[in-house]
Amino acid sequence: MFDNWEDLENSIKGCNKCKLNNGRTNIVFGIGNKNADIMFIGEGPGADEDKEGKPFVGKAGKLMDKAFEGLGINRENVYIANIVKCRPPQNRVPEKDEAVACLNYLRNQVILVKPKVIVLLGSTALKNILGEEHSITKERGIFTDKKDIKYLPTWHPAALLRDENKKIDFWKDLKELKKLAEEQNLKI
Ligand code: URA
Ligand code: SF4
């Protein structure tokens, strides 16, 4: 574990701890406010993210931005990262060994950001952070407290592109997040 961003970012350069290093163009480390109160965790980079080296810049990211805009959430106030930092081939779900290999980077990011709330975007984020026994279908929209952090699981933005009803849920969940942030004076 590193106690500063520079050492952490340097430590990930050229990482080959898992097989995803073979197919990547860029490592997608994370973006946003390094002192954020609220952190968003996705699954892994897609083609656009791999090309740009930034999380959530493709179609799913644009949809998330739209929701942010509509609800008054400023992307620059929050921190956004993924379970795996390198793009899985054909955007498949990261395999267990890949997530395990990469998770220490994310843990270190969480330690440095010290968020009050973590939004888990989709099943991969939920299962890798809170445990395999968790279910996104059952738990989305429900805040859970664990070791001084509130976790809010919700749909992954890519799922919204396939199912209109999930858009409504996603919007509702982020609205609750916004409400909590206002009540607790969190940067949003
Ligand atoms: N999907 C993710 O989970 N993360 C990204 O950065 C982009 C798409
Ligand atoms: Fe390293 Fe993570 Fe990329 Fe795997 S996904 S090579 S562990 S940075």
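Residues numbered from 1 in each chain as written. Chains lettered and ligands numbered in written order. Predicted model: local features only at pLDDT ≥ 70, side-chain atom pairs only at ≥ 80, totals over all residues. Heavy atoms only, no water.

### Thoughts on the sheet that holds strand β1 (residues 31-32)
Formally: Should DSSP find at least two bridges between two strands, the strands are taken to pair. By the criteria applied, helices consist of DSSP H or I runs no shorter than four residues and strands consist of E runs no shorter than two, each listed in order from the N terminus. For this analysis, residues touch if any pair of their heavy atoms sits within 4.5 Å. Helix axes are fitted only over the stretch in contact, all axes being lines through C-alpha atoms; the angle between N-to-C directions runs from 0 to 180 degrees.
Overall, mixed pairing links the six strands, which are arranged β1-β3-β2-β4-β6-β5 in an open sheet. Taken across any chain shown, the strands that pair with only one partner, and hence form the sheet edges, are β1 and β5 (144-146). In this structure, strand β2 (residues 38-42) lies alongside strand β4 (residues 117-121), joined through four bridges in parallel fashion. Note on β4: the bridge partner recorded for I41 is L120. The strands touched by helix α8 (residues 164-184) are β2, β4 and β6 (149-154); relative to β6, the strand with the most contacts, the crossing angle is about 160°.

### Considerations on the site of ligand 2
Operational definition: Only a single heavy atom is needed: when it lies within 4 Å of a molecule or strand, its residue is near that molecule or strand. Residues are grouped as follows: nonpolar covers Ala, Val, Leu, Ile, Met, Phe, Trp, Tyr, Cys and Pro; charged covers Asp, Glu, Lys and Arg; every other residue, Gly included, is treated as polar.
Inspection of the region around ligand 2 gives C15, K17, C18, N21, R24, K85, C86, A101, C102 and Y105 as its neighbouring residues. Considering only residue class, the shell around ligand 2 consists of six nonpolar, one polar and three charged.

### Digging into the site of ligand 1
The line we're drawing: As used in this structure description, the phrase polar contact means that two N or O atoms lie within 3.5 Å; if the pair is within protein, one of them must be able to donate a hydrogen and the other to accept it, and residues adjacent in sequence are counted only when both atoms belong to side chains. Each accessible area is a Shrake-Rupley estimate made with a 1.4 Å probe; only the visible protein chains count as cover when residues are assessed.
G42, E43, G44, E49, P55, F56, N82 and H156 make up every residue found near ligand 1. Within the backbone of E43, a nitrogen or oxygen atom sits 2.7 Å from an oxygen atom of ligand 1. In the environment of ligand 1, a nitrogen atom lies 3.1 Å from a nitrogen or oxygen atom belonging to the backbone of G44. Starting from 240 Å² of accessible surface for ligand 1 in isolation, the protein chains cover 92%. Looking at the shell around ligand 1, its residues break down into two nonpolar, four polar and two charged.

### Here we look at the nonpolar core
Inclusion rule: By convention a nonpolar core is built from buried Ala, Val, Leu, Ile, Met, Phe, Trp, Tyr and Cys residues, the set being connected through side-chain atoms within 4.5 Å. Buried means the residue's accessible area, taken with a 1.4 Å probe over protein chains only, is under 20% of the maximum for its type, while exposed means over 50%, and partly exposed covers the values in between.
Counting 56 residues, the largest nonpolar core has I38, M39, F40, L174 and L177 as the members making the most contacts within it. No other element matches the eight residues that helix α4 (residues 96-113) contributes to this core. The contact partners of I38, leaving out residues within four places of it in the chain, are V78, Y79, V117, V119, L177, A181, K187 and I188.

### Quick word on the packing of helix α3 (residues 59-71) against α8
We count it as follows: Note on angle classes: values under 35 degrees are labelled roughly parallel, values over 145 roughly antiparallel, values of 65 to 115 roughly perpendicular, and the remainder oblique. By convention, the crossing between two helices is left-handed when the near helix turns anticlockwise from the far helix through less than a right angle, and right-handed when the turn is clockwise.
One can describe the packing of α3 onto α8 by two numbers: an axis separation of 10 Å at closest approach and a directional angle of 45°. For the element pair α3 / α8, the angle class is oblique. Note on packing geometry: the crossing formed by α3 with α8 is right-handed. In contact with L63, M64, K66, A67, F68, G70 and L71 of α3, α8 contributes K167, F170, W171, L174, K175 and K178. Here the residues of the contact of α3 with α8 sort into eight nonpolar, one polar and four charged.

### Some points on unusual backbone geometry
A positive phi angle, near 50°, is found at F56, a position not held by glycine. By the secondary structure assignment, F56 is in the loop between α2 (47-52) and α3. On the basis of relative accessible area, F56 is assigned to the buried category, the value being 6%. Its identity is not glycine, yet K114 carries a phi of approximately 55°, on the positive side. Its place among the elements puts K114 in the loop between α4 and β4. Judged by relative accessible area, K114 falls into the exposed class, the value being 58%.

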